[in-house]
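Now for the letters of each chain:
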Amino acid sequence: MQGIKELFKIGRGPSSSHTLAPERACKLFLEVNGTYPGYLVELYGSLSLTGKGHHTDKIIEETLGGNCKVVFKLDWDESFPNGFYIYGLDTNGNKQVKWTVFSIGGGSIQIKEHPVNYNDEVYFETSLEEIYQVCEKNHETLMEYAQRHESDIRTYLSDILDAMCACVKRGLSEEGMLPGELQMRRSAHDLYLQGLHANMSDQRDIRLMSYAYAASEENAAGHTCVTAPTLGACGVLAAFMYYAYNDCEITREKCIDALIIAGIFGNVVKTNATISGAVGGCQAEVGTAVSMTAAACAYLEGLQPSQIEYAAEIGMEHNLGLTCDPVLGYVMIPCIERNAVGVRRAVDSANLAKYLSRVRSHLVSFDMVVETMKDTGSQLPRSLRETAEGGLAKEWEK
Ligand code: SF4
């Protein structure tokens, strides 16, 4: 299993697969191959079908600079559904070097011609059951387990916590229109103000959702956010952490613990299923984010490891089958609202696990629900996996 650091990345929105991954690949291309008089980049799969709305072409042109042409193509027959070719061109436009890049979710990349090793396979264990067994055998907590494998994880996650909070804070103060054809007005600020005057029972919920709106609107605007596990789903965990750190004044150390817990659950999903909407639909993105956040919330509630697992399992189970159908390819509808609903669902999952586990033990394991998510994703039609060809995206076009 890869390091938690590779799961939480700071980058520019609106999509980890469509902006962060191409930006990373293009930077690495220049680093490894040097500069060329020209570049040709061919986008395929979801990158081609929703790349315009996700600003993929813009970020590639900006990163490679100079004479760069980006084309959207459909006849991709590589092994992974979402990817692109980068060509370095000579002064006559002849192709000199070619990279085949797969955008595998959450901003992570694989390059056929140049294997990348982003602190790869740090953990031997791959399932939650294995991780729990090791912790039991060594008499260690999940935090000690993570620190044993990634010694600098706390410092790294301290920066991640700051980046998440900064993103929410910025999003709350911004007003006006989001970029793009949808002509969507930012809502986080107004939602937050409404939350202040809501009745007692609604106050926390509206505040939490306004935080998710704030982070997701920052992402939609192409600003800096944190993958958790992706940029499209960045609002769920960021909203909860902002709430915990700022509103509940939970200590930084405890918040870092919660991020470690969330990271372990997200990593199990990433390793055994997928966190890419183009592969598994939105259950892989917002579903995973809800699961991670439910685990973090359960930890901060003081629940035991089996109850934390229960919370994460509930969070994923009730997102199974969630499709990815971004209208006009923008990470706005249904994405922003979905992040807001997601953070509520995560808190509810932790609460349900807390009280239900006093009545009976859970029957579905986290590993089982992750397998189910993978299988369900493989059965989703392509039109509902980040192609903007089905669901809401299709209805909108009618
Ligand atoms: S619908 Fe979900 S998976 Fe698809 S772009 Fe939006 S947030 Fe990402």
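Quick note: structure is the one above.
For clarity, every value in this text was computed on a predicted model and none was experimentally measured. (Residues numbered from 1 in each chain as written. Predicted model: local features only at pLDDT ≥ 70, side-chain atom pairs only at ≥ 80, totals over all residues. Heavy atoms only, no water.)

Draft legend 1. Seen up close, the sheet that holds strand E5 (residues 95–105). Pairing in this open sheet of five strands is mixed, and the strands run E3-E2-E4-E5-E6 from one edge to the other. A strand with exactly one partner marks an edge of an open sheet, and here the two such strands are strand E3 (67–72) and strand E6 (108–111). Averaged over all neighbouring strand pairs, the angle between strand axes comes to 25 degrees, with direction disregarded. Sheet topology places E5 next to E6; four bridges connect them, and they run antiparallel. Bridge pairing in E6 links valine 101 to isoleucine 111. The sheet strands contacting helix H1 (residues 16–33) are strand E2 (38–44), strand E4 (83–89), E5 and E6, and the helix crosses E5 at an angle near 145 degrees. Across the face of the sheet, helix H3 (residues 56–64) comes into contact with E2, E3 and E4 while running at roughly 160 degrees to E3. (Pairing = 2+ DSSP bridges. Helix = DSSP H or I, 4+ residues; strand = E, 2+ residues; numbered from the N terminus. Axes fitted to C-alpha atoms, helices over the stretch in contact; angles between N-to-C directions. Contact = heavy atoms within 4.5 Å.)

Draft legend 2. Up close: the layout of surface pockets. Taken as a whole, the largest pocket holds about 450 Å³ of empty space. Taken together, 23 residues form the lining of the largest pocket, with Gln2, Ile104, Ser108, Gln110 and Lys270 sitting closest to its centre. The biggest single contributor to the lining of the largest pocket is E6, with four residues. Class assignment of the residues belonging to the lining of the largest pocket gives a composition of 10 nonpolar, eight polar and five charged. In this structure, the second largest pocket occupies an estimated 330 Å³ of space. Looking at the lining of the second largest pocket, the elements with two or more residues in it are helix H4 (128–138), helix H5 (142–149) and helix H13 (305–317). Looking at the lining of the second largest pocket element by element, the count peaks at six residues for H4. Classifying every residue of the lining of the second largest pocket gives 10 nonpolar, three polar and five charged. (1 Å grid on protein atoms, 1.4 Å probe; cavity = no way out; pocket = protein on both sides within 12 Å on 5 of 7 lines; lining within 4 Å. Points joined across faces, edges and corners; volume = space filled by probe spheres on them. Nonpolar A, V, L, I, M, F, W, Y, C, P; charged D, E, K, R; others polar.)

Draft legend 3. Structural detail: empty space enclosed by the protein. This model, assessed by the stated rule, comprises one cavity of 30 Å³ or more. Reported here for the largest cavity is a volume of approximately 160 Å³. Among the elements of the structure, helix H12 (282–300) and helix H14 (335–356) are those that each provide at least two residues to the lining of the largest cavity. The dominant element in the lining of the largest cavity, judged by the number of residues it contributes, is H12, at three residues. A per-class count over the lining of the largest cavity returns nine nonpolar, five polar and four charged.

Draft legend 4. Spotlight on the packing of aromatic side chains. Throughout the structure, instances matching the rule amount to 13 aromatic pairs. Measuring from centroid to centroid gives 4.6 Å for tyrosine 211 and tyrosine 242, while their planes differ by 75 degrees, and the two rings are edge-to-face. Of this pair, tyrosine 211 sits in helix H8 (residues 200–220) while tyrosine 242 sits in helix H9 (residues 234–247), and the two are 31 residues apart along the sequence. Note on accessibility: tyrosine 211 and tyrosine 242 belong to one class, buried. Relative to phenylalanine 366, the ring of phenylalanine 265 lies with its centre 4.9 Å away and its plane at 75 degrees, an arrangement referred to as edge-to-face. One end of the pair, phenylalanine 265, is in helix H10 (residues 252–272); the other, phenylalanine 366, is in helix H15 (residues 366–379), and 101 residues separate them in sequence. An aromatic cluster is defined as three or more aromatic residues linked by ring pairs; in this entry it consists of Tyr44, Trp76, Phe80, Tyr85, Tyr87 and Phe102. Between lysine 95 and the ring centre of tyrosine 87, over which it is positioned, the NZ or CZ distance is 4.2 Å. (Phe/Tyr/Trp six-rings, centres within 6.5 Å; stacked < 30°, edge-to-face > 60°. Buried < 20%, exposed > 50% of the residue type's maximum accessible area, 1.4 Å probe, protein only. Lys NZ or Arg CZ within 6 Å of the ring centre and 35° of its normal.)

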